[in-house]
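Here is what each chain is made of, one letter per residue.
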Amino acid sequence: MRASSICGSDIRAIYREHLGVGAEAYQGVVAGHEPCGEVVEAGPGARRLSPGDRVVVYHISGCGQCEECRRGYPVGCSSDHRAAHGWQRDGGHADYLLAEESSCLLLPEPLTFVDGALVSCGFGTAFEGLLRGRVSGRDTLLVTGLGPVGLAAAMLGRHLGAARVIGMDPVASRVELAQSLDLLDVAVADPADLAEALGSATGGRGCEVTIDCSGHPDARLAALRHTRHWGRCVLVGEGGTMTMDVSPLLIHPQVSVHGSWVSSVQHMAELLELLVRWGEHPGRIVTHRYPLSEAGTAYEVADRGQAGKVCIVWED
Ligand SMILES: [Zn+2]
Ligand SMILES: [Zn+2]
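Criteria and cut-off values
Residues numbered from 1 in each chain as written. Chains lettered and ligands numbered in written order. Predicted model: local features only at pLDDT ≥ 70, side-chain atom pairs only at ≥ 80, totals over all residues. Heavy atoms only, no water. Core = buried A, V, L, I, M, F, W, Y, C linked by side-chain atoms within 4.5 Å. Buried < 20%, exposed > 50% of the residue type's maximum accessible area, 1.4 Å probe, protein only. Helix = DSSP H or I, 4+ residues; strand = E, 2+ residues; numbered from the N terminus. Phe/Tyr/Trp six-rings, centres within 6.5 Å; stacked < 30°, edge-to-face > 60°. Lys NZ or Arg CZ within 6 Å of the ring centre and 35° of its normal. Salt bridge = Lys/Arg side-chain N within 4 Å of Asp/Glu carboxyl O.

Caption draft 1: Broad picture of the nonpolar core. Counting residues in hydrophobic clusters, the biggest one holds 59 residues, and the most contacted among them are Phe123, Leu141, Val143, Leu156 and Ile211. Those elements that provide at least two residues to this core are α1 (8-15), α3 (113-132), β7 (140-144), α4 (148-159), α5 (172-180), β10 (207-212), α9 (265-278) and β14 (309-313). The biggest single contributor to this core is α3, with nine residues. Counting residues in hydrophobic clusters, the runner-up holds twelve residues, among them Ile6, Ala31, Tyr290 and Ala307.

Caption draft 2: Structural context of the packing of aromatic side chains. Applying the stated rule across the entire model yields one aromatic pair. A centroid spacing of 5.5 Å and a plane angle of 35° characterise the contact between tyrosine 15 and tyrosine 299, whose relative ring orientation is tilted. Of the two residues, tyrosine 15 sits in helix α1 while tyrosine 299 sits in helix α10 (residues 295-303), which places them 284 residues apart along the sequence. A relative accessible area of 37% means that tyrosine 15 is categorised as partly exposed. Between the NZ or CZ atom of arginine 54 and the centre of the ring of phenylalanine 113, over which it lies, the distance is 4.8 Å.

Caption draft 3: Focus on the pattern of salt bridges. Scanning the model with the defined rule gives 14 salt bridges in all. Notably, a salt bridge pairs arginine 16 with aspartate 303, separated by 2.7 Å at the nearest N-O pair. Pair noted here: arginine 16 is in the loop between α1 and β2 (35-38) and aspartate 303 is in helix α10, with a separation of 287 residues, a long-range link. Looking at arginine 16, the relative accessible area reads 54%, which means it is exposed.

Caption draft 4: Representation of unusual backbone geometry within the structure. The omega torsion of the bond from glutamate 109 to proline 110 falls at 5°, within 30 degrees of zero and hence cis. With respect to the helices and strands, proline 110 occurs in the loop between β6 (104-106) and α3. A positive phi is found at arginine 134, a non-glycine position, where the angle reads about 50°. Although it is not a glycine, valine 262 adopts a positive phi angle of roughly 50°. As for its position among the elements, valine 262 is in the loop between β12 (256-259) and α9.

Below is the structure:
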C-alpha cells in the first residue's frame, strides 16, 4: 500500500456506528476502501499485472457474472460473492492488500499514489455522477456539499466543460478550501442565499445540472429547487431522506433526478486517463496526511468534518 484515504462512508457507517446492513455491513476487516499501491507479487493465473506495477484498486469485487457485474458495476452486484475492501474484505489501512487482478487499474504517470487513492472511490463517484448529469459546456453546475466528493465534482465538472461552477456548503472552512483551490465561480454558505446568488449567475433560471454530494435533506432540496427546467439533478451524497412537493419541483419543471452510486470500473479507468490529459491532480484536495501509525488521529480529523481529504500515506 502507498496511499489509503478516508471516505465519508467510513466515518458515517463504520467510525461513528456500524450500520451493519447490506453493502455497508462492516465485517470487522481491515478498514480503508480507497487503496492505491504497488504490486509486489502476482498470484498464479495473473495475466496482466506484475511486480512494480502501480495500481488503483476498484474497491468492490463482484461475482463477475450478474447483470450489474457485466455492466461493469460490481458495486451493484447482489450475489454472495460481492465483497468490498474495507467493508467485507480487508482494505487499504495495512501495509499489504490482497486484491483481484480485475479490480486493479494501472495508475499512469504523472499521477501520484495519493491521486490514485482519491480516484478509487471519491473522484470516481463524482465523475460517474457528472456523467449521469451529462455535464458539458452548455451547463452551469451547482454542487451542494463541498466535502471531498463535492470538491471532486467541482474540479471534474470544470474539466468536463461546465461554463460556471457554483458551490454551497455551510462549513466556512470547506468553502474557503474550494475557493483557495480555484474550483468555484460562486461560493455560497447558506442555502437561503442560494436564490440570490444563482439569480445573478443564471438569470434566475437555475442550473442545468445540480449534484448533491452532502446527503443532507436541506442541501438535496436546495439542489433540486435550483435545477433549471428540463435540467438534471444528481444525488450522490448517501443516507437520510428527502421530502418534496412533487408537482412544483419535479413534474412541472420536467426535471430528471438521478441516483448514482460509485462508478463503473471502466469509467474509473477513463477518469485516470483524463486526469493525465487534463494535467489535473486529485491530491490537491488533500489537507491532511498521516502515516498508518497515526490512523487514529486521521479518523478524528476526518470525523470533525472541517477538513478537505484525509489520507494515510506510506510515502509521497
Ligand atoms: Zn467511499
Ligand atoms: Zn455480480
